[in-house]
Amino acid sequence: MQIGVLALQGAFIEHEKMLARLGVSSLEIRQEKDLDTPFDGLIIPGGESTVQGKLLRELNLFDRIKTMLEAGLPVFGTCAGLLLLAKKIKNDDRTHLATMDIAAVRNAYGRQLGSFYTEKEFKGIGTIPMTFIRAPYIENVWNDTEILAEADGHIVAARQKNQLVTAFHPELNDNLSVHKYFIQMINDKHIDNSEVNKNA
Amino acid sequence: MENNRFELNKNLAQMLKGGVIMDVTTPEQAKIAEAAGACAVMALERIPADIRAAGGVSRMSDPKMIKGIQNAVSIPVMAKCRIGHFAEAQILQAIEIDYIDESEVLSPADDKYHIDKTAFDVPFVCGAKALGEAMVGINEQEIELLMAERGK
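So, here is what we can say about the structure in this document.

The rules we used
Residues numbered from 1 in each chain as written. Chains lettered and ligands numbered in written order. Predicted model: local features only at pLDDT ≥ 70, side-chain atom pairs only at ≥ 80, totals over all residues. Heavy atoms only, no water. Salt bridge = Lys/Arg side-chain N within 4 Å of Asp/Glu carboxyl O. Buried < 20%, exposed > 50% of the residue type's maximum accessible area, 1.4 Å probe, protein only. Pairing = 2+ DSSP bridges. Helix = DSSP H or I, 4+ residues; strand = E, 2+ residues; numbered from the N terminus. Axes fitted to C-alpha atoms, helices over the stretch in contact; angles between N-to-C directions. Left-handed = near helix turned anticlockwise from the far one by under 90°. Contact = heavy atoms within 4.5 Å. Nonpolar A, V, L, I, M, F, W, Y, C, P; charged D, E, K, R; others polar. Patch = residues over 30% accessible without salt bridge, like charges linked within 9 Å, V, L, I, M, F, W, Y side chains within 5 Å. Areas by Shrake-Rupley, 256 points an atom, 1.4 Å probe, with all protein chains shown as cover. Core = buried A, V, L, I, M, F, W, Y, C linked by side-chain atoms within 4.5 Å.

Below, the discussion takes up the pattern of salt bridges. Residue and element names in this part refer to chain A. For the structure on display, the rule yields 20 salt bridges over all chains. The partner of Arg-30 in a salt bridge is Glu-28, and the shortest N-O contact between them spans 2.8 Å. By relative accessible area, Arg-30 is classed as partly exposed at 41%. Here the salt bridges share partners, and the residues they tie into one network are Glu-48, Asp-92, Arg-94 and Arg-106.

Before going further, it helps to examine the pairing of strand 2 (residues 25-29) of chain A. In this sheet, strand 2 of chain A lies alongside strand 1 (residues 2-6) of chain A in parallel orientation, the contact comprising five bridges. Residue pairing in the sheet places Ile3(A) in a bridge with Ser26(A) of strand 2 of chain A.

All names here are of chain B. Following both chains from N to C, one finds helix 2 (residues 27-35) and helix 4 (residues 63-72) inclined at 35°, their axes separated by 8 Å at the closest point. In the packing of helix 2 onto helix 4, the handedness of the crossing is right-handed. Residues Pro-27, Ala-30, Lys-31 and Glu-34 of helix 2 form the contact with helix 4, whose participating residues are Gly-68, Ile-69 and Ala-72. Among the residues making up the contact of helix 2 with helix 4, the classes are represented as four nonpolar, one polar and two charged.

To continue, consider a nonpolar patch on the surface. Residue and element names in this part refer to chain B. Nonpolar side chains collect at one region of the surface, where Leu-131, Met-135, Ile-138, Ile-143 and Met-147 lie side by side and expose about 430 Å² of accessible area between them. Following the sequence through the fold, Ile-138 ends up in the loop between helix 6 (131-134) and helix 7 (140-149). Its relative accessible area of 38% is what places Ile-138 among the partly exposed residues.

Bringing the nonpolar core into the picture now. Counting 57 residues, the largest nonpolar core has Leu42(A), Leu56(A), Ile65(A), Leu97(A), Phe122(A), Phe132(A) and Leu164(A) as its most contacted members. No other element matches the six residues that helix 5 (residues 177-199) of chain A contributes to this core. Non-local contacts of Leu97(A), meaning those with residues more than four positions away in its chain, are made with Ile44(A), Leu56(A), Phe62(A), Ile65(A), Lys66(A), Leu69(A), Leu84(A) and Leu85(A). Core analysis: the next-biggest nonpolar cluster, separate from the first, contains 25 residues, Ala30(B), Ile95(B), Ile97(B) and Ile100(B) among them.

Next up, the structure:
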């Protein structure tokens, strides 16, 4: 298994280190030709969504990645990655890849003084550490998007089919469980595909 | 584990990696910087080269001007205070700046001591690119004495 990590700006090395600890190799996506190498899932890291959104477009990555996601490539977005995947951003006119049925609020907890750490329940995993850095949260979800975690009355993790998002940064703590969850999503998808092929 | 400001502040620096931080003097410039792909802006009244050329005492920027920039963009906003001027740093923290730069570009307010950063909840900028740069101005003899005192 190989997982692509969008490496345009922000905390992508942290994700690669988590994957390495789980014995999964990663592929840095920096330019268009990097998309020619096959990969089984994509991680969109934390950073600034305005910067990553701009670079995605300017480096001709935008349309190809959006097509891959729409075709069912498993994706995991943290913080800025969540914003890039959201179909609606409440306090911003701009949206980016917009493949997931969630409405997010940018910088929802305020500036750096509002950054915080907590431990909360994540559906299917248990209580895990959650680090929020100038984080967004999800105001509401629709269609088949499932809420996976809430903190202080706000949605902070969700899943819709092959798309997983967290407002917090699992890559900043020692706990590997959310990355394991994403790898399991990729494995489950492979099983689904082979079922489809069998039936065909 | 409770909120550890040191960890949270290090984490913010991790999010800015690979980005460009632009010096800006007005909300309009901040918007241009954001649209051009800056990952943060440094709010200051004049660009450092102009401040040095003008001479005289250069201080922290007007908080009203900094707030104007904070309201104009969604990316982190940083601002400078004078070396050793903890009151300026307290003002910057009170207006919820994302980073304080205790900067040699402004007139130093204290010729001996820098600000005690551990007393603050917001992070401070460090411009050093390597340990050598970070050690500039540090008295090695004093460090040896301190280490000896601690038995190291």
